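Structural characterization, general
Each chain, letter by letter, is given below.
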Amino acid sequence: MNTKIKSTIIPVKKPKINVITLGCSKNTYDSEVLMGQLRGNSMNVVHEANTMGKDDIVVINTCGFIDNAKQESIDTILQYSELKEAGKIGKVIVTGCLSERYKPELEAEITNVDAYFGTNDLNNLLHSLGANYKHELIGERLLTTPSHYAYFKIAEGCNRPCSFCAIPLMRGKHVSRDMAELVNEAKILAANGTKELILIAQDLTYYGLDIYGKRNLHELLRRLSDIPGIEWIRLQYAYPSGFPMEILDAMNERENICKYLDMPLQHITDNMLKSMRRGITKQKTIDIVNQIRDKVPGIAMRTTLICGYPGETEQDFEEMMNWVEETRFDRLGCFTYSHEEKTHAHILVDDVPDEVKQARVDAIMELQQGISFDINQEKVGKTFKVLVDRKEGDFFIGRTQYDSPEVDNEVLIDAATGYAANGSFVNVAIDRAEDFDLYGRIVK
C-alpha cells in the first residue's frame, strides 16, 4: 500500500519592527513616514510596543537637541542594547538627531547597536531592514497620534543663525516641501479621518523662499484650507524676524485656520537678543506681538523662553519677567539654557549656575501660571467649540482652537452631560476654570 506523506511548509514569521520615538513633533512625523514605508513593504511594524520577541527589531528615533533630551536618548539606546545582549530582542537600530550629531562617538561607546543612521538616511535605514523606499507612498503615513489630528511637516532644517541652537547641525539647511505634494498628503489624511493639521517646521515663516523665491505660507494655508474635511489648521514655530503678515490675512479669511500662533521669542533684552543672534530687538519684538494681536483680535499666542543664557544678568532676567507680566501670553514655556557643542554660543562662558537657571525658569512659570489663571477666568460663562481627544474617568478631554495637544490647556467635559466621540466637535459651556484647565458641559 502506497502511503503519501504530505509535506507541511511552515511559514517563516517576519520579525516585528518596533519604532520608538523620542523628542519633538518633527521626530513624530519622521517615525510615521518610516512606519508608512515599512507597512508599504509588507513589514510587521508597531509603535512603542510593550511586548517583543527574541527576533524583533527595535528602531530608536532619537533627539539630540539639549542635555536632557540627549540623556533620554542615550538611556533608551542602552536599555534596548542590554535587552539585545540578553537575547530578548534581535536587533537595535538607532536613527534621528542624536545619531546624526554624534554617530562616531555612539559607535565607539555603544558597540552592540547594529546600525546608526542620521536624519536624512531614510533610504539606507529601509534597506537595512530589508525594505525599499517607495515613491508611490509619498504622503502615506502610519499615524501615532489619534487619527483626528496629525503633525504636518512642511519643511526640513533651518537657515537661521541662532547662537544657542544645534538644529542646523542635525537637520541641515532649510528645505521647503513642494506645495502640491503637501496638498496631496493633506487630502490623504482628510480621507482617513484627520480633522486637524498641526503645521510644523523649524521655521514655518521661511516656507517657500528656497523653492518659490518668496515667503509662501499664506498660499499654502489657503490651499490646505480648501480641502474638505480639514476643520482646523494650526501654526507652530513661527519666527518673529521677517514675519509675513499675509499669514494673518489668511487666518482672518478662513474659519478653519485656528486663531493660534506659536512664536518662540527666547528672550527680550537687547543684549541677550543680540548675543543669541536673533536678528530682532526688544522694541521690534514688542511691535510684532502688538501687530499680530491688532490684526487678529482674540488670537492665542504661545511663546518659549530661555533662562540662563551666557551673560544673562539679574537685570536681564528682571526685564524679561516684567515683559512677560506686561505682554500676558496665552501660553508660555520656559527652559534652562543648554551649552551645546559646535553652536556659536559654545565659545561663550556658560556662566549662569544651574540652580540659578532653574530658579529663573521656576519664577517665570509661576508668573505665567497666574496669568493663565486670570485669562481662563474670563472664559467662564462662555461657550467654545471643542475637539474631543479622549475619555478619562468621568470626563471627555478636549481642546479649543486656542490649544495645541500635549503642551496647552485642556477642556474637561462632564461625561454626565452628554456623549462625545473621540475626534468629534462639541459645543462646551465653561462652568469653571483653573490655571491650565477649563471645566464645562456639552450644550446644543
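Predicted model only: the values in this text are computed from it and were never measured.

For the rest of this paragraph, the subject is the domain arrangement of the protein. For the protein, the assigned domains are domain 1 (17–135), domain 2 (145–378) and domain 3 (382–442). With centres defined by C-alpha atoms, the gap from domain 2 to domain 3 works out at 25 Å. At the junction of the two partners, domain 2 supplies 23 residues and domain 3 supplies 26 residues. Taken together, both faces of the contact between domain 2 and domain 3 bury some 2,100 Å²; the carbon and sulfur share is 48%. Three residues, His148, Trp232 and Asn376, lead the burial of domain 2 against domain 3; their summed loss comes to 28% of the area buried on that side. A salt bridge links Lys385 to Glu231, with the nearest nitrogen and oxygen atoms 3.7 Å apart. Contributing elements (two or more residues each) for the side of domain 2 that touches domain 3: β6 (149–153), β9 (196–200), β10 (232–235), β11 (257–262), β12 (300–307) and α13 (354–377).

Below, the discussion takes up the confidence of the model for the protein. Taken as a whole, the protein shows an average pLDDT of 92; of its residues, 97% reach a score of 70 or greater. Mean pLDDT across the elements of the protein ranges from a minimum in helix α5 (residues 167–171), with 86, to a maximum in helix α12 (residues 314–327), with 98. Within the model, pLDDT remains below 50 along residues 1–5, and this stretch shows zero contacts once partners closer than five positions in the same chain are excluded.

Moving on to the sheet that holds β9. One open sheet accounts for six strands, arranged β6-β9-β10-β11-β12-β13; its pairing is parallel. Looking at strand neighbours, the two that pair on one side only are β6 and β13 (331–336), the edges of this open sheet. Averaged over all pairs of adjacent strands, the angle between strand axes in this sheet comes to 20 degrees, irrespective of strand direction.

With five of five residues buried, β9 lies mostly within the body of the structure. Going residue by residue along β9, you find Glu196, Ile198 and Ile200 tucked away on one face and Leu197 and Leu199 tucked away on the opposite face as well. One ladder, built from four bridges, connects β9 with β10; its direction is parallel. Considered in β10, the bridge of Ile198 is made with Arg234.

In this model, the second largest pocket occupies a volume close to 790 Å³. Lining the second largest pocket are 33 residues, with Asp30, Val33, Thr119, Leu122 and Glu156 positioned closest to its centre. For the lining of the second largest pocket, the secondary-structure elements that each account for two or more residues are α1 (25–40), β4 (91–96), α4 (122–128), β7 (155–156), β8 (175–176) and α6 (179–191). Considering every element that reaches the lining of the second largest pocket, the biggest residue donor is α1, with six residues.

This brings us to empty space enclosed by the protein. Taken as a whole and judged by the stated rule, the model has one cavity of 30 Å³ or more. Each pocket or cavity is described by its volume, and for the largest cavity that value is around 30 Å³. Taken together, Pro240, Leu265, His267, Leu273, Arg278, Ile280 and Thr285 make up the lining of the largest cavity. Among the residues forming the lining of the largest cavity, the class breakdown is four nonpolar, two polar and one charged.

Taking 1.5 Å of rise per residue, the 13 residues of α6 would be expected to cover 18 Å, and the 18 Å separating its terminal C-alpha atoms lies within 8% of that figure. Residues of α6 that are buried include every one of Met179, Leu182, Val183, Glu185, Ala186, Ile188, Leu189 and Ala190, and no others. Looking at the buried residues of α6, the elements they touch are α1, β6, β9, α7 (209–212) and α8 (217–225). Two to three positions downstream of the cap, the backbone nitrogen of Ala180 sits 3.1 Å from a side-chain oxygen, assigning the N-cap of α6 to Asp178. Remark: Gly193 follows α6 within two positions and exhibits a positive phi of approximately 100 degrees.

A separate point is the sheet that holds strand β1 (residues 16–21). Pairing is parallel in the open sheet, where five strands are placed in the order β2-β1-β3-β4-β5. Since the sheet does not close on itself, it has two edges, and those belong to β2 (44–47) and β5 (115–116), each with one partner. In this sheet, β2 lies alongside β1 in parallel orientation, the contact comprising four bridges. The partner of Ile17 across the bridge, within β2, is Val45. In this fold α1 packs onto β1, β2 and β3 (57–62), with an angle of close to 170 degrees to the strand it touches most, β1.

Direction vectors running N to C along α8 and helix α9 (residues 246–253) enclose 20 degrees, while the axes themselves pass 8 Å from each other. Judged on the interaxial angle alone, α9 and α8 are roughly parallel. The crossing of α8 and α9 is right-handed. Contact residues: Leu217, His218, Leu221 and Arg222 in α8; Glu246, Ile247, Asp249, Ala250 and Glu253 in α9. Among the residues forming the contact of α8 with α9, the class breakdown is four nonpolar, one polar and four charged.

Per the UniProt record, "binding site: [4Fe-4S] cluster 2" (unreviewed entry) is annotated on Cys158, Cys162 and Cys165. For Cys158, the position within the fold is in the loop between β7 and α5. Residue Cys158 is classed as buried on the basis of its relative accessible area, which comes to 8%. Residue classification places Cys162 among the buried residues on the basis of a relative accessible area of 12%. Not counting chain neighbours up to four residues away, the residues in contact with Cys162 comprise Tyr239, Met276, Arg277 and Arg278.

Conventions and cut-offs
Residues numbered from 1 in each chain as written. Predicted model: local features only at pLDDT ≥ 70, side-chain atom pairs only at ≥ 80, totals over all residues. Heavy atoms only, no water. Domains from an automatic or database assignment. Contact = heavy atoms within 4.5 Å. Buried area = accessible area lost by both parts, 1.4 Å probe. Salt bridge = Lys/Arg side-chain N within 4 Å of Asp/Glu carboxyl O. Helix = DSSP H or I, 4+ residues; strand = E, 2+ residues; numbered from the N terminus. pLDDT = per-residue confidence, 0-100. Pairing = 2+ DSSP bridges. Axes fitted to C-alpha atoms, helices over the stretch in contact; angles between N-to-C directions. Buried < 20%, exposed > 50% of the residue type's maximum accessible area, 1.4 Å probe, protein only. 1 Å grid on protein atoms, 1.4 Å probe; cavity = no way out; pocket = protein on both sides within 12 Å on 5 of 7 lines; lining within 4 Å. Points joined across faces, edges and corners; volume = space filled by probe spheres on them. Nonpolar A, V, L, I, M, F, W, Y, C, P; charged D, E, K, R; others polar. Expected span 1.5 Å × (residues − 1). Polar contact = N/O pair within 3.5 Å; in protein donor to acceptor, adjacent residues only side chain to side chain. Parallel < 35°, antiparallel > 145°, perpendicular 65-115°, else oblique. Left-handed = near helix turned anticlockwise from the far one by under 90°. UniProt positions renumbered as here; feature names shortened; annotations may be inferred.

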